[in-house]
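These are the residues of each chain, in order.
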Amino acid sequence: MSDTWWRGAAIYQVYPRSFADGDGDGVGDLAGLRERLPYLKDLGINAIWLTPWYPSPMADGGYDVADYRDIEPAIGTLAEAETFIGEAHGLGIRVIIDVVPNHTSTASAWFQEALRDRSKRDRFWFRDEPNDWRSIFGGPAWTQVADGQWYLHLFDPGQPDYNWDNPEVRQEFHDVLRFWFDRGADGIRVDSAALLVKSATAYEDLDGVHDIYRGWRRVADEYDDRILVGEVWLPDQERFARYLRPDELHTAFNFDFLACPWEPAALRASISLTLSTHASVGAPPTWVLSNHDVARVVTRYGRADTSWDHADRRDGVPADLELGRRRARAAALLAMALPGGVYVYQGEELGLPEVDDIPDRLRQDPMWTRSGHTVPGRDGCRVPLPWSGDAPPFGFGPGVGEPWLPQPPEWKELTAEAQAGDPASMLTLYRTALRLRRDRLGDGSLTWLDLRPDVLAFTRDTRVVCVVNLGPDPVRLPPHSAVLLASGPTGDGLLPCDTAVWLEP
Ligand code: GLC
């Protein structure tokens, strides 16, 4: 792979606790992931991004990091993480890890020290009086400690925010980046990247944040081929692009595309805007349909309103899963055909739906408790994967302990094993598409073809034509010499509603 592998990579997101359980305690771990590396190799991805694997009290599924230089014991050991990185590299798979710089855990050494010693509080936001900020998970953003002071936590009280004006914090993260680059990590996913710098009145996207990433970029550039990927949720694309200037982050997740409804005009506008804003800074776009924070695609696209909004998650809103599955198949081919990188969240290749009926007593997302049990939150997209067999735990683990979130019995139809040999399955579609994509798609450009307003069609510079029909009536395929892949039937040269096709011109 060239040194710009990341410009067109297909990156598979592993949520370690839910991917595969090697030791049978019901929680996914590195042993399970290592066993399943051949599956990921066969799937045809270029890289893995793992959500946090560090020691953590799990106030927010591991995004409350107690020690950035070690591995959560339930997930594995540091030595095993290094072995895993080596094994992935041996299969030609790069490894991106998650670093959480906005906040730590109340269990971290620095925060514990700050609790004991008031002179050590400048690494955080301790104040005598809180302001009126609300936590992103609900409730106030400040919690009082025993001596009367309050500390800021934009997320859960278990996640105290760092004070990035403090040089020790800046130095610490340079060291953490080097720690993982030295151990072979190919990239860093930067959690909540736009929130780090705070003023007395604001914390989102303040200009000072860019200086931090310029420093990080200098660290990454000390090594070969390492990348920084930003989690930057900003509605303003011009502001978003500033994070991707040549001396800052390499890429960022395209949440505009993720949040876009399944509608032709909106999708075309989102794609065009993405391409132009990224071109303005020379960064490759990414195409993201889902992750561990949003409802599963099959469910989202089966709802009456197919857009996504963090502030209005619509958990439990009924969905037509057959419709959603058809659209999810078409959307996968669209995302994989567009110029740039693509992210696949674990389980999307199996077409898993959102699990809406997790018993309340088993829910673990802090959104559920912080919202006063009004927002079920993100557990429904984090249910452990079904690998094989007819009944839970579906090969997730050796079947000693129950998976940490219960799997629906209907998932017996959706196991990787059940789908592997089925030419019509979601898994086969993903495998075929990712294989074709490796040779023929990825980084580059596109030219729109105007077929009909309710049809998205474009030719890639690599001479692949992608057509997606979002209208009610079948559309005649443009002239072509071969159909490379289709998300549904394309008989008589017609492409039905909610279907996508890749053509050889
Ligand atoms: C990011 C993560 C999310 C987490 C939050 C706080 O948005 O994706 O899962 O809860 O940051 O760290």
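You'll find the structure just up there.
Here we summarise the structure given alongside this text. (Residues numbered from 1 in each chain as written. Predicted model: local features only at pLDDT ≥ 70, side-chain atom pairs only at ≥ 80, totals over all residues. Heavy atoms only, no water.)

### Re the pairing of strand S14 (residues 465-469)
- In terms of burial, S14 is largely enclosed, as 5 of its 5 residues are buried.
- The alternating pattern of S14 places Val465, Val467 and Asn469 and Cys466 and Val468 on opposite faces, both of which are buried.
- Note: strand S13 (residues 455-460) against S14, 5 bridges, orientation antiparallel. Residue Leu456 lies in a different strand from S14, and its bridge partner there is Val468.
- Hairpin connection, S13 to S14: the antiparallel pair is bridged by 4 residues, and Arg463 has positive phi, about 65°. (Buried < 20%, exposed > 50% of the residue type's maximum accessible area, 1.4 Å probe, protein only. Helix = DSSP H or I, 4+ residues; strand = E, 2+ residues; numbered from the N terminus. Pairing = 2+ DSSP bridges.)

### Concerning the sheet that holds strand S5 (residues 142-144)
- Pairing is antiparallel across the open sheet formed by 3 strands, whose spatial order is S4-S6-S5. Sheet topology places strand S4 (126-127) and S5 at the edges, where each strand pairs with a single neighbour.
- Note: S4 against strand S6 (residues 150-152), 2 bridges, orientation antiparallel. Bridge pairing links Phe126 to Tyr151 in S6.

### What about the side chain of Ser192?
- Within the element layout of this structure, Ser192 appears in the loop between strand S7 (187-190) and helix H7 (209-220).
- For Ser192, a relative accessible area of 7% corresponds to the buried category.
- Residues in contact with Ser192, not counting those within four places in the same chain, are Asn102, His103, Phe155 and Glu231. (Contact = heavy atoms within 4.5 Å.)

### What about the packing of helix H6 (residues 167-182) against H7?
- The N-to-C vectors of H6 and H7 enclose an angle of 30°; their axes lie 10 Å apart at closest approach. Regarding the angle of H6 to H7, the classification is roughly parallel. Classified by chirality, the crossing of H7 by H6 is right-handed. On H7, the residues touching Arg170, Phe173, His174, Leu177, Arg178 and Phe181 of H6 are Asp211, Ile212, Gly215, Trp216, Val219 and Ala220.
- Among the residues making up the contact of H6 with H7, the classes are represented as 7 nonpolar, 2 polar and 3 charged. (Axes fitted to C-alpha atoms, helices over the stretch in contact; angles between N-to-C directions. Parallel < 35°, antiparallel > 145°, perpendicular 65-115°, else oblique. Left-handed = near helix turned anticlockwise from the far one by under 90°. Nonpolar A, V, L, I, M, F, W, Y, C, P; charged D, E, K, R; others polar.)

### Side note on the site of the ligand
- Lining the immediate environment of the ligand, one finds 14 residues, of which Asp60, His103, Asp191, Glu231 and Asp293 sit closest.
- Within the contact set of the ligand, an oxygen atom lies 2.9 Å away from a side-chain nitrogen or oxygen of Arg378.
- Protein coverage of the free-state accessible area of the ligand, which is 310 Å², stands at 95%.
- Of the residues assigned to the shell around the ligand, the class counts are 3 nonpolar, 4 polar and 7 charged. (Near = heavy atom within 4 Å. Polar contact = N/O pair within 3.5 Å; in protein donor to acceptor, adjacent residues only side chain to side chain. Areas by Shrake-Rupley, 256 points an atom, 1.4 Å probe, with all protein chains shown as cover.)

### Notes on H7
- Compared with an ideal rise of 1.5 Å per residue, which puts 12 residues at 16 Å, H7 spans 17 Å between its outermost C-alpha atoms and is within 8% of the ideal.
- Taken together, the buried positions of H7 are Val209, His210, Ile212, Tyr213, Gly215, Trp216, Arg217, Val219 and Ala220.
- Where H7 is buried, its residues touch strand S3 (94-99), H6, S7 and strand S8 (227-230). (Expected span 1.5 Å × (residues − 1).)

### Here's the deal with the nonpolar core
- Among the nonpolar cores identified, the biggest contains 146 residues, and Tyr12, Leu40, Trp53, Phe84, Tyr213, Trp216 and Trp502 are the most heavily contacted of them.
- Here the element with the most residues in this core is helix H12 (residues 321-337); it accounts for 9 residues.
- Formed by 11 residues, the second largest nonpolar core is a distinct cluster that contains Trp125, Leu152, Leu154 and Met367. (Core = buried A, V, L, I, M, F, W, Y, C linked by side-chain atoms within 4.5 Å.)

### Re helix H4 (residues 78-90)
- End to end, H4 covers 18 Å across 13 residues, agreeing with the expected 18 Å (1.5 Å per residue, within 8%).
- Contacts from the buried residues of H4 go to helix H2 (30-35), helix H3 (37-43), strand S2 (47-50) and S3.
- Gly92 lies just past H4 and shows a positive phi near 80°.

### Brief notes about the sheet that holds S7
- Spatially, 8 strands are ordered S9-S8-S7-S3-S2-S1-S11-S10 in an open sheet, and the strand pairing comes out parallel. Only two strands of the sheet have a single partner each, and these edge strands are strand S9 (251-252) and strand S10 (286-288).
- Here strand S1 (residues 10-14) pairs with strand S11 (residues 341-345) via 4 bridges, running parallel. Within the sheet, the bridge partner assigned to Tyr12 lies in S11 and is Val344.
- Where H4 meets the sheet, its contacts fall on S2 and S3, and the angle it forms with S3 comes to roughly 140°.

### Quick notes on the environment of Cys381
- Considering the arrangement of structural elements, one finds Cys381 in the loop between helix H13 (366-370) and helix H14 (416-420).
- Along the primary structure Cys381 and Gln346 are separated by 35 residues, whereas in three dimensions their C-alpha atoms are 9.6 Å apart.
- Contacts of Cys381, omitting those with residues within four sequence positions, involve Asn291, His292, Asp293, Val294, Arg296, Tyr345 and Glu354.

### Quick word on the packing of H12 against helix H15 (residues 426-440)
- Running from N to C, H12 and H15 point in directions that differ by 10°, and their axes come no closer than 10 Å. With respect to H15, the element H12 is oriented roughly parallel. Where H12 approaches H15, its residues Arg325, Ala328, Arg329, Ala332, Leu333 and Met336 are matched on the opposing element by Met426, Leu429, Tyr430, Ala433, Leu434 and Arg437.
- Classifying every residue of the contact of H12 with H15 by side-chain character gives 9 nonpolar, no polar and 3 charged.

### Some remarks on unusual backbone geometry
- A cis amide bond links Pro392 with the next residue in sequence, Pro393, at an omega value of 5°.
- Relative to the assigned elements, Pro393 resides in the loop between H13 and H14.
- Located in the positive-phi region is His373, a residue other than glycine, with phi close to 60°.
- Take His373: its relative accessible area is 47%, and that puts it in the partly exposed class.
- Phi is positive for Asp492, close to 55°, though the residue is something other than glycine.

### Overview of the pattern of salt bridges
- Enumeration according to the criterion identifies 38 salt bridges in this entry.
- Arg239 is the salt-bridge partner of Asp205, the closest N and O atoms lying 2.7 Å from each other. Here Arg239 lies in helix H8 (residues 237-241) and Asp205 lies in the loop between S7 and H7, a separation of 34 residues in the sequence.
- Owing to a relative accessible area of 25%, Arg239 belongs among the partly exposed residues under this scheme.
- Of the charged contacts in the structure, one is a salt bridge between Asp360 and Arg363, with a shortest N-O distance of 3.4 Å.
- On the accessibility criterion, Arg363 (13% relative accessible area) is buried.
- Linked through salt bridges whose partners overlap, the residues forming this network are Asp60, Asp293, Asp365, Arg378 and Arg382. (Salt bridge = Lys/Arg side-chain N within 4 Å of Asp/Glu carboxyl O.)

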